[in-house]
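# Structural description and commentary
Chain by chain, the residues run as shown.
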Amino acid sequence: MKKILLLVSSTLLLANSFFAQESDDDKKFRLGLKVAAQPTWFSSKDNNTTRSSTGFGFGFGLAMEFRLSKTAYFVTGIGGDFESGGIKYKYEPLAVTPYAVGYVLNGSNEIKELKDGTTATDLVQAGDVQYNGLYERKIKTTHVTIPLALKMMTKEIGGFKYFGVFGGEIGVRIKARATDKYTSSTVYGANVSNGPGTNTNININKDGSLIPIRVGMNVGLGAEYRLSGSTSLFLSINYFRSFTNLMKKESEYMAYDSKYYPSGNDYTFSHVKQNLLMNAIRINIGVLF
């Protein structure tokens, strides 16, 4: 009986020790919440498009970590990122090869597709508005994001653990809106022309990349502070850069030049080339359990 009691007691003590250790420092899975403030901007490889301004967005999400070893974790989760950035288009209407971006909105304020072969009647309908000389655009986007990264973390030092993160991120584009500055506009039907102005809340999602998936790099440094047991507060600063174009390679809705053939009663267009890559500095704060 004494041996049985001793064996049971020893087993309970070992189990208690194991589960205590598992719940504190060596949990194989941790779940948490995070929020992020993020300056964001676009870069472009197209010579006719340049960065004009930095936007300020935010993000939030669910964080998940899977322990691979004492110092390595696989990091994933799901969240939402709200980003923005400004771009400038070249505006040289009097150059030898003119370049002045324009587009047409219909009466429902939807951007019209500019297809080669479009007739004058289809292109110019009563209530349509043609915007000429687009020179600056601010874009706001919404993405659902899933990080896939490796996290390397030090042992605890005075309550703190320090870590580095390297990996990627997959995002699904949900929304893309634009605010434009232009040099002139014409209202068809009313035959009214106006000078410079601003056009807001334009839905450019249909001019976005055909597959609404964004792939990018996500790297950063940070620290955790243990509050109690396995519960930790963390802060990190990450750099994100997308590898995939936000927009279609060539716009179907914006042109920098057009030619009209009266004999055939139709137009041909020189469409705007598009190359927009998102960059962000993310300041993350959250808690892991």
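Treat the numbers as computed from the prediction; the structure is a model and nothing was measured.

### Observations regarding the pairing of strand 4 (residues 101-105)
- Within strand 4, five of the five residues are buried, which leaves the element mostly enclosed by the surrounding structure.
- Alternating positions in strand 4 separate into two faces, Val101, Tyr103 and Leu105 on one and Gly102 and Val104 on the other, with burial throughout.

### Quick word on the side chain of Ser209
- Looking at the secondary structure, you find Ser209 in the loop between strand 10 (197-203) and strand 11 (213-228).
- For Ser209, a relative accessible area of 13% puts it in the buried group.
- Here Ile211 takes part through its backbone oxygen, which lies 3.1 Å from a polar atom of the side chain of Ser209.
- Apart from residues lying up to four places away in sequence, Ser209 is in contact with Arg173, Asn245, Leu246, Met247 and Lys248.

### A closer look at the confidence of the model for the protein
- The predicted model of the protein has a mean per-residue pLDDT of 90, with 91% of residues at 70 or higher.
- Note on residues 1-24: pLDDT is under 50 here. Beyond four places in sequence and across chains, it has seven contacts.

### So, unusual backbone geometry
- Backbone geometry places Asn109, a non-glycine residue, at a positive phi of 65°.
- Tracing the backbone shows Asn109 in the loop between strand 4 and helix 2 (120-123).
- One non-glycine residue, Asn201, lies in the positive phi region at around 55°.
- In this structure, Asn201 sits in strand 10.

### Some words on the environment of Ser251
- Tracing the backbone through its elements, the reader meets Ser251 in strand 13 (residues 250-261).
- C-alpha separation for the pair Ser251 and Gly286, spaced 35 residues apart in sequence, amounts to 39 Å.
- For Ser251, the contacting residues outside a window of four places in its chain are Asp207, His271, Val272 and Gln274.
- At 2.8 Å, the side chain of Ser251 forms a polar contact with the side chain of Asp207.

Rules and cut-offs
Residues numbered from 1 in each chain as written. Predicted model: local features only at pLDDT ≥ 70, side-chain atom pairs only at ≥ 80, totals over all residues. Heavy atoms only, no water. Buried < 20%, exposed > 50% of the residue type's maximum accessible area, 1.4 Å probe, protein only. Helix = DSSP H or I, 4+ residues; strand = E, 2+ residues; numbered from the N terminus. Polar contact = N/O pair within 3.5 Å; in protein donor to acceptor, adjacent residues only side chain to side chain. Contact = heavy atoms within 4.5 Å. pLDDT = per-residue confidence, 0-100.

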